[in-house]
Structure formats: C-alpha cells, structure tokens
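# Notes for the structure review
Letter by letter, the chains look like this.
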Amino acid sequence: MKKVILLIAGEGYQPIEYEVPKQVLQNKGFEVITVSDVSGRAISSDPEQSTEVDFLISEINTDSADALFLIGGPGALDHLDNDQVYKLLQDWQNIDKPYGAICISPRILARAGVLQNKKATGWDGDEKLAEVFAKNNVEYIRDSVVVDGKVIAANGPTSAQQFGEKIVEILG
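Remember, predicted model here, so these are calculated numbers, not experimental data.

## What about the packing of aromatic side chains?
- Tallied over the full model, the rule gives three aromatic pairs.
- Between Y13 and Y18, the ring centres sit 5.6 Å apart and the planes meet at 70°, which makes this aromatic pair edge-to-face.
- Overall, Y13 belongs to the buried group, its relative accessible area being 1%.
- Judged by its relative accessible area of 0%, Y18 falls in the buried class.
- Judged by centre distance (5.7 Å) and plane angle (90°), the ring pair of F69 and F163 falls under edge-to-face. Linking F69 in strand β7 (residues 67-70) with F163 in helix α6 (residues 160-171), this pair joins segments that are 94 residues apart in sequence.

What follows is the structure in structure tokens.
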C-alpha cells in the first residue's frame, strides 16, 4: 500500500483542500498520513473542523511515505513556511519522490527552492504569486492544476478533487 503525507498547518489549514484529496486517495487504496507542526489535533480555517495529526514534521523523513503534499489555508504560511519544511521538501526532491502543494502552499515550495525551473500554479487572490514565482525561478501557469514531472501544484479548494486525482495518477 502506497503512503501519502498530507502536511497541514496546526491552525488554519483549508479543510476542503485536505479532506477531498484525502478521500480520493483513500478510495483508491492509498494510506494517508497527516503531518503537522502540532501534535494531537490540528484546527482548520473553520474552527468547528479539526483533524487528528499522525506525526509531527520532525518525526518524518523521506522513508516515511511515497509522496508529500502541502495543504493550503490561511495558516500555511505562518506554520509551514520555515527551514524545517524547506529541508524536508529539498530531501524529497533529492530522492525524486512526488511532492507538491495546493492553494497558497506552492509559495512555500518556491521559497524552498524545489520549484526552480518548473511550471506551477497556486492561489493568487493577493496578485503576488507571479512575483514570488519569478523571484524563485518558477514559471507561473494560470491553471487549476499543473503537473511538471513528479511535482503537482493546484490553485485552491475548487481544484481539490483534481489535485487528489493527479496525485493518484502520478503514484500509479
């Protein structure tokens, strides 16, 4: 059984971007591992929704799963945009395992340096994505989901289903 890590913010992850791909993956027989910067329960951007966290970021490495994907939401930049996550992403890229992000989280991938010379998309409600991508040598494609090799980027909740399906496709 293939394992997929969904990395979420301890507070403020986007519940649709988490739940929909998780369901798509589980329906296809994948094991989903929920990882966060907090132990116990992570709280979504809707305070009435939370989810159980399986592991802390510090407890995972490239042997933990077959793929790694960051979920977006208003808390992503506050909780996941840091050196610990950058190192994890760089390790993932170095061993050529699938990774990616949805919503605002492709900015984290760009800042980690794992989208250099790649095509990607993401949330652009503040009209700053093109600037972030240009600064980090990423080609911005204005589409709902963009796949470049083993990297998948999606622009938000409306593309959550397609994001999950592309993860399944890449993992075969």
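## Examining the sheet that holds strand β5 (residues 50-52)
- The strand order across the open sheet formed by three strands is β2-β4-β5, and the pairing between neighbours is mixed. This sheet does not close on itself; its edge strands, each paired only once, are β2 (11-13) and β5. Within the sheet, the average angular offset between the axes of one strand and its neighbour, ignoring direction, is 45°.
- Examined bridge by bridge, strand β4 (residues 41-44) and β5 share three bridges and lie antiparallel to one another. Paired with A42 across the strands is T51, a residue of β5.

## Some details on the packing of helix α1 (residues 15-27) against α6
- The interhelical angle for the contact between α1 and α6, taken along N-to-C directions, is 40°, at an axis separation of 8 Å. Here α1 is positioned oblique relative to α6, judged by the angle of their axes. Seen from above, α1 lies across α6 with right-handed handedness. Along its contact with α1, which presents I16, E17, V20, P21, V24 and L25, the element α6 presents A160, Q161, F163, G164, E165, I167 and V168.
- Looking at side-chain class alone, the contact of α1 with α6 contains nine nonpolar, two polar and two charged residues.

## Description of α6
- In this model, α6 (12 residues) spans 17 Å end to end at C-alpha, consistent with the 16 Å of a helix rising 1.5 Å per residue.
- If you check which residues of α6 are buried, you get A160, F163, G164, I167, V168 and L171. Projection of α6 onto a plane perpendicular to its axis shows the buried side chains occupying an angular sector of 140°, all on one side.
- Those residues of α6 hidden inside the fold are in contact with β1 (3-8), α1, β7, β8 (99-102), β11 (145-148) and β12 (151-154).
- Count one or two residues on from α6 and you reach G172, which has phi positive near 65°.

Cut-offs applied
Residues numbered from 1 in each chain as written. Predicted model: local features only at pLDDT ≥ 70, side-chain atom pairs only at ≥ 80, totals over all residues. Heavy atoms only, no water. Phe/Tyr/Trp six-rings, centres within 6.5 Å; stacked < 30°, edge-to-face > 60°. Buried < 20%, exposed > 50% of the residue type's maximum accessible area, 1.4 Å probe, protein only. Helix = DSSP H or I, 4+ residues; strand = E, 2+ residues; numbered from the N terminus. Pairing = 2+ DSSP bridges. Axes fitted to C-alpha atoms, helices over the stretch in contact; angles between N-to-C directions. Parallel < 35°, antiparallel > 145°, perpendicular 65-115°, else oblique. Left-handed = near helix turned anticlockwise from the far one by under 90°. Contact = heavy atoms within 4.5 Å. Nonpolar A, V, L, I, M, F, W, Y, C, P; charged D, E, K, R; others polar. Expected span 1.5 Å × (residues − 1). Arc of directions from axis to C-beta.

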